[in-house]
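# Structural description and commentary
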Amino acid sequence: MICVPILEKNSESVIKSANNAIKMGADILEFRIDGLDDPDPDEIKGLIKDINYPFIATNRTSKEGGSFDGSEEERIEILFEAAKYADFVDIELKTDENYRSKIIKVSKATIISYHDFKKTPSVTELLDIVKRESEIGDISKFAVMPENIQDTLVVLEVLSRVQNTIGISMGNIGKYTRVIAPLFGSPITFASLDKKSAPGQLDVTNTRNILDKLGNW
Ligand SMILES: O=C1C[C@@](O)(C(=O)O)C[C@@H](O)[C@@H]1O
């Protein structure tokens with residue numbers, strides 16, 4: 001599936017961006033709640049219901065590349081409300097276990113995520129991260145930054161040895177993995193419209209065209 005993150009400051013822009021992503025062929029949307037200037041649970045509920053499309057709810061902490069700068073309690077409270085209406089909820093592996101469990105209890109399905117915007121851990125370290133994520137949620141996920149082309153092979157090696165895991169090598173060096181990872185079984189790849197929510201994302205149209213040409217995804 002091709003997922004388009006919706007990273008906007010207000011409801012009007014969220015609706016516009018979501019409708020554009022759907023028109024461009026997104027299979028699922030990621031509501032990056034942390035992008036909102038003033039995240040209001042009732043407004044978020046209304047948006048998810050009104051747009052009426054498959055959604056991942058994410059409220060990314062600033063510690064893992066997101067924009068949410070309130071307290072951890074506030075972050076979890078907002079995500080907790082959105083989780084009741086979204087198809088998937090992305091919660092970070094590093095989130096406090098009690099907060100994580102609170103989210104999982106009300107989620108239809110969970111993506112347990114890990115991000116490193118500075119480096120790529122070793123194959124062994126990433127396999128351990130994926131193992132821990134798989135024991136907690138429904139889909140495992142890691143998005144890491146390569147320092148060289150060899151680091152991107154670490155991501156593909158890990159994906160070749162696990163199931164049900166989203167693996168991403170970010171940045172310019174890693175961007176080819178966004179259309180190769182699905183061939184290794186990564187169930188979701190992230191693509192952008194105009195605003196990228198992470199370095200190296202390709203646009204939706206090119207992502208789909210390349211995946212269709214490669215086939216078997
Ligand atoms: O975790 C991820 C993956 C991502 O960081 C990427 O590299 O495309 C984009 C984020 O919006 C999403 O929550």
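Keep in mind the model is a prediction, meaning the values are calculated, not measured. (Residues numbered from 1 in each chain as written. Predicted model: local features only at pLDDT ≥ 70, side-chain atom pairs only at ≥ 80, totals over all residues. Heavy atoms only, no water.)

Attention now goes to the nonpolar core. In terms of nonpolar packing, the biggest core is built from 48 residues, with Leu29, Phe31, Ile33, Ile44 and Phe142 touching the most fellow members. Among the elements that make up this core, the one with the highest residue count is helix H3 (residues 72-83) (6 residues). In contact with Phe31, not counting residues within four places along its chain, are Ile6, Val14, Leu36, Ile44, Leu47, Ile48, Phe55, Ile56, Ala57 and Thr58. (Core = buried A, V, L, I, M, F, W, Y, C linked by side-chain atoms within 4.5 Å. Buried < 20%, exposed > 50% of the residue type's maximum accessible area, 1.4 Å probe, protein only. Helix = DSSP H or I, 4+ residues; strand = E, 2+ residues; numbered from the N terminus. Contact = heavy atoms within 4.5 Å.)

Let us look at the site of the ligand. Around the ligand there are 13 residues in total, and Glu30, Arg60, His115, Lys141 and Arg178 lie nearest to it. Arg60 is positioned with one of its side-chain polar atoms (N or O) 2.8 Å from an oxygen atom of the ligand. Contact between the ligand and Lys141: an oxygen atom at 2.7 Å from a side-chain N or O atom of the residue. Contact with the protein chains removes 99% of the 320 Å² of surface that the ligand exposes when unbound. (Near = heavy atom within 4 Å. Polar contact = N/O pair within 3.5 Å; in protein donor to acceptor, adjacent residues only side chain to side chain. Areas by Shrake-Rupley, 256 points an atom, 1.4 Å probe, with all protein chains shown as cover.)

Compared with an ideal rise of 1.5 Å per residue, which puts 12 residues at 16 Å, H3 spans 16 Å between its outermost C-alpha atoms and is within 8% of the ideal. Those residues of H3 lying buried are Arg75, Ile76, Ile78, Leu79, Phe80, Ala82 and Ala83. Contacts from the buried residues of H3 go to helix H2 (41-51), strand E3 (55-58), strand E4 (88-92) and helix H4 (97-106). (Expected span 1.5 Å × (residues − 1).)

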